[in-house]
Amino acid sequence: MNTDKRRRMLAAGAVGAVLVGAAVLPSPALAEPDDDASVRVTVDIDEVEEPGVLALSIAGDAVALSEDGSTLLVRQFVGTLPTVTVTDTRVADEVPDGAGWAVLGSATDFTGTSGQAPITADHLGWKPRLLDGGDSGLVTEGEEVVTTLDEETLPGNNVGLVDQELLVSAFDSEAVASDSYSVNADLYLRTPAEVAAGAYNSTLTLSLFE
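The present account deals with the structure reproduced in this document.

About the criteria used
- Residues numbered from 1 in each chain as written.
- Predicted model: local features only at pLDDT ≥ 70, side-chain atom pairs only at ≥ 80, totals over all residues.
- Heavy atoms only, no water.
- Helix = DSSP H or I, 4+ residues; strand = E, 2+ residues; numbered from the N terminus.
- Buried < 20%, exposed > 50% of the residue type's maximum accessible area, 1.4 Å probe, protein only.
- Contact = heavy atoms within 4.5 Å.
- Areas by Shrake-Rupley, 256 points an atom, 1.4 Å probe, with all protein chains shown as cover.
- Phe/Tyr/Trp six-rings, centres within 6.5 Å; stacked < 30°, edge-to-face > 60°.
- Lys NZ or Arg CZ within 6 Å of the ring centre and 35° of its normal.
- Pairing = 2+ DSSP bridges.
- Axes fitted to C-alpha atoms, helices over the stretch in contact; angles between N-to-C directions.
- Lys, Arg positive; Asp, Glu negative; His and termini not counted.
- Salt bridge = Lys/Arg side-chain N within 4 Å of Asp/Glu carboxyl O.
- Polar contact = N/O pair within 3.5 Å; in protein donor to acceptor, adjacent residues only side chain to side chain.

**Overview of the overall build of the protein**
Secondary structure assignment for the protein yields one helix and eleven strands. Reading the protein from its N end, one meets helices and strands in the order α-β-β-β-β-β-β-β-β-β-β-β. Here the protein holds 210 residues, and 29% of them are scored as buried. Considering only contacts in the protein between residues 6 or more positions apart, those separated by 24 or more positions represent 79%. Surface summary for the protein: the accessible area is close to 14100 Å², and the carbon and sulfur share equals 54%.

Take a look at the structure:
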């Protein structure tokens, strides 16, 4: 066999080997179109812990006095202060050392709606009444405050609700924390018998201090 023919046969064999090798390569894998996967995500969220507060609330914003117990010399008008509640949501560690709290009240003069002369606030008195003081015995109501038309009980006591007068208090805030307490008061307006007829208005302001 001549040299050229041998070369042609070797070249044909080489090409055949390449073709045979190419025929056995694996086909690429194809993804299934409906396949999916999921991941569950979870989280635990703690409740926000806000500091406790000392707060005052009143079960109503008005009281109408009505005449009862008048005499020939003094006319008397009575009513009941809406229930006042002091709520302390603090824990003992949130209360300042040595603190105590108190609710104080004062009234403005009674102004006549038709131009009558005012009735001064020293004609309005109250008698606080503790409704719920808890079990500690450390929450107490204030003393009765009488009017300028009453017989003197104690020196300087016949002042009415002109200035801040004690409604309820707690000597030790820490000992009575995390609870609520309620109080109201008997209100009475005492005027001279000759007081001018007509409607009168006054504002009684209650303030919580610690």
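**Section: the packing of aromatic side chains**
Applying the stated criterion across every chain yields a total of one aromatic pair. Taking the centre distance of 6.2 Å and the plane angle of 35° together, the rings of Trp101 and Tyr181 count as tilted. One end of the pair, Trp101, is in strand E4 (residues 101–107); the other, Tyr181, is in strand E9 (residues 179–192), and 80 residues separate them in sequence. Classification of Tyr181 by relative accessible area gives buried; the value is 6%. Stacked on the ring of Tyr188, the Lys or Arg Arg190 has its end atom at 3.9 Å from the ring centre.

**Some points on the sheet that holds strand E8 (residues 165–170)**
If you trace the four strands from one edge of the open sheet to the other, you get E7-E8-E4-E11, paired in antiparallel fashion. Of all the strands in the sheet, the pair left with one neighbour each is strand E7 (139–141) and strand E11 (204–209). Taking each pair of neighbouring strands and ignoring which way they run, the sheet shows an average axis angle of 15°. Taken together, the five bridges between E4 and E8 define a ladder with antiparallel strand orientation. Across the sheet, the residue bridging to Val103 is Val168, located in E8.

**Describing the pairing of strand E3 (residues 74–88)**
Across five bridges, strand E1 (residues 54–58) lies against E3 in antiparallel orientation. Bridging across to E3, Leu54 finds its partner in Asp88. Inspection of the sheet shows strand E2 (residues 66–67) paired to E3 by two bridges, in the antiparallel sense. Across the sheet, residue Ser66 finds its bridge partner in E3, namely Val78. Between E2 and E3, which pair antiparallel one after the other, the connecting turn spans six residues, and Gly69 there sits at a positive phi close to 85°. Where E3 and E9 come together, 13 bridges link them in antiparallel fashion.

**Here we look at the environment of Leu72**
In this structure, Leu72 sits in the loop between E2 and E3. Its relative accessible area of 83% is what places Leu72 among the exposed residues. Residues Leu72 and Glu194, 122 residues apart in the sequence, show an inter-C-alpha distance of 9.8 Å.

**Notes on the side chain of Asp122**
On the secondary structure map, Asp122 appears in the loop between strand E5 (111–112) and strand E6 (124–132). Arg190 provides the closest opposite charge to the buried, salt-bridge-free Asp122, at an N-O distance of 13 Å. Here His123 takes part through its side chain, which lies 3.2 Å from a polar atom of the side chain of Asp122. Each residue touching Asp122, except ones within four places of it in the same chain, is listed here: Thr147, Thr148, Val159, Gly160 and Val162.

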